[in-house]
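Coordinate inspection notes
Residues per chain, in single letters:
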Amino acid sequence: MVRAVKLSAGSDLRETSRSQVVAVIRAAGQIARIDIAQATGVSPATVTAITAELIRAGLVEEVSPDSSQAAGRGRPRVALRVRGPAHILAGIKVSSATISTILIDFDGTTLSEHESPLPEARMSPEALTRQIVDTLREAAAETGREIGDLSGLGVGISGVVDVPEGLVHWSPSLDRRNVALRDQLEVALPMPVFLDNDANSVAKAEQLFGEGRGVRDFLVVTIEHGVGMGIVIDGQVYRGTRGCGAEFGHIKVHLDGALCRCGQRGCLEAYVADYALLREAAVTHPGLRGSTPEERLDALFGAARSGERTALSILERASRMFAMGLANLVNIFDPGLIIVSGERMSHDFLYSDEVIAMMKTQVLQVDAPPPEVRIHKWGDMMWAKGAAAYAMEGVTELAVRRLNDA
Ligand SMILES: [Zn+2]
């Protein structure tokens, strides 16, 4: 069984530099050695040595200079790019009703997307493992491949995940606590598995493919059924010590406030999550139409849009709480950028111009503009792509480690 590495822990300097070099080349698309040296702070001589190793290992290749460059003055610079076919990575996002799977190659190009239904929202670890293996087999078969052709799998799951240990302390998708899910998956699959909290997968996707490209410090706030968060500091996803950092939904916004699903009171989620909105609506709108929570939410949004006063007051309170939560984040992290990300178009009241303006009045006022807020709507497939990106990093580190051992 291949052991997943503890990413960026215990790596020696050369190893870290190799990973950095690959990351810079991938981010740039194509880049000359001298520019890699500049971007990484690694000396040009070391960059030359590292890229020679990476080329030998088949991870990176030289691109012949194009003719327009060649026609210019001086010797054209040879650029490097990541070799797409070097590895195929899979990413999976486990949602309450579906498993979304994406296959990407080593330079991040999407090869296929696959979605399969989950029979139950909450499953035993064994049943979820079987579902993931079956889904992966189907996704690989769709592109004429087998599971054995994949070099690594990233899995994003909501809940509290101890990433180095591959342990899920708690997840709404699992019927048990403290599950060694990564190990279970690695027993069932012939590849290393990289397990992460799904909000961290989004942060990774934003960093590699989205609004976070080239931004050193940023926060991603996700709006799904609850609210989540990913923290990127100095180019690294920050995961906390026990794997339960960045629980934006459970920051306290009200002393002795509304009861949260976590059992505590006054959490942000207890005011803005779907269940919180419906709990309020049950008091004022007992006849709200719809057999599912989604339908009842739609009815609530519809009532608010038509100007119905109590429906509006429910959404307005949620918005004010959300703005306060965002302001708390800014006051702690002072990020350059906040990306509000998710696919819940219907929840646009949470990131309206009014909410962002309200947030800005509550952040510490200094003689510099407040952080930029960007809204990025996307679906489950981008969460899956983030998980695949995490696997891509992990597989890169493993490949680099193998070079080291060679
Ligand atoms: Zn809570």
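Reading the values: rules and limits
Residues numbered from 1 in each chain as written. Predicted model: local features only at pLDDT ≥ 70, side-chain atom pairs only at ≥ 80, totals over all residues. Heavy atoms only, no water. Donors = N, O, S within 2.8 Å, 3.2 Å for Na, K, Ca; no water. Tetrahedral: all angles 85-135°; square planar, octahedral: opposite > 155°, others 65-115°. Buried < 20%, exposed > 50% of the residue type's maximum accessible area, 1.4 Å probe, protein only. Core = buried A, V, L, I, M, F, W, Y, C linked by side-chain atoms within 4.5 Å. Helix = DSSP H or I, 4+ residues; strand = E, 2+ residues; numbered from the N terminus. Polar contact = N/O pair within 3.5 Å; in protein donor to acceptor, adjacent residues only side chain to side chain. Contact = heavy atoms within 4.5 Å. Pairing = 2+ DSSP bridges. Axes fitted to C-alpha atoms, helices over the stretch in contact; angles between N-to-C directions. Phe/Tyr/Trp six-rings, centres within 6.5 Å; stacked < 30°, edge-to-face > 60°. Lys NZ or Arg CZ within 6 Å of the ring centre and 35° of its normal. pLDDT = per-residue confidence, 0-100.

What follows concerns the coordination of the zinc ion. Looking at the zinc ion, one finds its protein donor set to be His250 (ND1), Cys260 (SG), Cys262 (SG) and Cys267 (SG), positioned 2.0 to 2.3 Å from the metal centre. Around the zinc ion, the 4 donor atoms are arranged such that angles at the metal cover 103 to 119°; this shape is classified as tetrahedral. All donors to the zinc ion come from one chain, and their sequence spacing reads H-x9-C-x1-C-x4-C. For cysteine 262, a relative accessible area of 39% gives the class partly exposed.

What follows is about the nonpolar core. Within the largest apolar cluster, 62 residues are counted, with the highest numbers of intra-cluster contacts made by Leu128, Ile132, Leu136, Leu153 and Val155. If you tally residues by element for this core, the top one is helix α13 (residues 380-405), at 11 residues. If you look at the next biggest cluster of nonpolar residues, it comprises 46 residues, including Val253, Leu277, Ala318 and Val355.

Locating histidine 347 in the fold gives a position in the loop between β14 (337-342) and α12 (353-362). Side chain to side chain, histidine 347 and aspartate 274 meet in a polar contact 2.8 Å long. Setting aside anything within four residues of it in sequence, one finds histidine 347 in contact with Ile223, Asp274, Leu297 and Phe301.

Our focus in this paragraph is the sheet that holds strand β13 (residues 236-238). Pairing in this open sheet of 5 strands is mixed, and the strands run β13-β12-β11-β14-β15 from one edge to the other. Two strands close off the open sheet at either side, each with one partner strand: β13 and β15 (372-377). Strand after strand, the sheet turns through a mean of 25° between neighbouring axes, direction not considered. Direction of pairing for β14 relative to β15: parallel, over a ladder of 6 bridges. By the bridge assignment for β15, valine 340 is matched with isoleucine 375.

Scanning the entire structure with this criterion turns up 3 aromatic pairs. On the basis of an interplanar angle of 75° and a centroid distance of 6.2 Å, the ring pair of phenylalanine 194 and tyrosine 390 is categorised as edge-to-face. Taken as a pair, phenylalanine 194 in strand β10 (residues 193-197) and tyrosine 390 in helix α13 lie far apart in primary sequence, 196 residues in all. For phenylalanine 194, a relative accessible area of 3% translates into the label buried. Measuring from ring centre to ring centre gives 5.7 Å for phenylalanine 301 and phenylalanine 349, while their planes differ by 50°; the resulting arrangement is tilted. Here phenylalanine 301 is found in helix α10 (residues 293-305), whereas its partner phenylalanine 349 is found in the loop between β14 and α12, with 48 residues between them in sequence. Here phenylalanine 301 and phenylalanine 349 have matching classes, each one buried. Taking NZ or CZ as reference, arginine 26 lies 4.7 Å from the ring centre of phenylalanine 106, over its face. A cation over an aromatic ring shows up here: lysine 93 above the ring of tryptophan 383, its NZ or CZ 3.8 Å from the ring centre.

Moving on, we come to the environment of threonine 129. Position of threonine 129 relative to the elements: it lies in helix α5 (residues 125-142). Since its relative accessible area comes to 9%, threonine 129 is described here as buried. Considering only alpha carbons, one finds threonine 129 and valine 187, 58 residues apart in sequence, at a separation of 9.9 Å. Leaving out residues up to four positions away in the same chain, threonine 129 has contacts with Leu181, Gln184, Leu185 and Ala188.

Tracing the backbone through its elements, the reader meets threonine 396 in helix α13. For threonine 396, the residues in contact, after removing those within four places along its chain, are Val22, Arg26 and Phe106.

What follows deals with the sheet that holds strand β5 (residues 98-105). What links the strands of a sheet is backbone hydrogen bonding, and the strands pair in either a parallel or an antiparallel sense. Spatial ordering of the open sheet is given by β6-β5-β4-β7-β10, a layout of 5 strands whose pairing is mixed. The open sheet has two edge strands with one neighbour each: β6 (110-117) and β10. Direction aside, neighbouring strands of the sheet carry axes that sit 15° apart on average. Where strand β4 (residues 88-94) lies against β5, 7 bridges are found, and the strand directions are antiparallel. Residue pairing across strands places isoleucine 88 opposite aspartate 105, the latter belonging to β5. α5 contacts β4, β5, β6 and β7 (152-157) of the sheet and is inclined by roughly 140° relative to β6.

Further remarks concern the confidence of the model for the protein chain. On average, the protein chain scores 88 in pLDDT, and the residues at 70 or more come to 93%. Taken element by element, the protein chain is modelled with least confidence in helix α4 (residues 67-71), mean pLDDT 51, and with most confidence in helix α6 (residues 181-188), mean pLDDT 98. Throughout residues 1-11 the model reports pLDDT below 50, and contacts reaching past four residues in sequence, or to other chains, amount to 29 contacts.

Attention now goes to unusual backbone geometry. The phi dihedral of asparagine 178 is positive, around 50°, even though this residue is not glycine. Summarising the element assignment, asparagine 178 is placed in the loop between β9 (167-170) and α6. With a relative accessible area of 48%, asparagine 178 lands in the partly exposed category. In this model, aspartate 334 sits at a positive phi of 50°, which is unusual for a non-glycine residue. Within the fold, aspartate 334 resides in the loop between α11 (309-333) and β14. In this structure aspartate 334 comes out as exposed when scored by relative accessible area, which is 60%.

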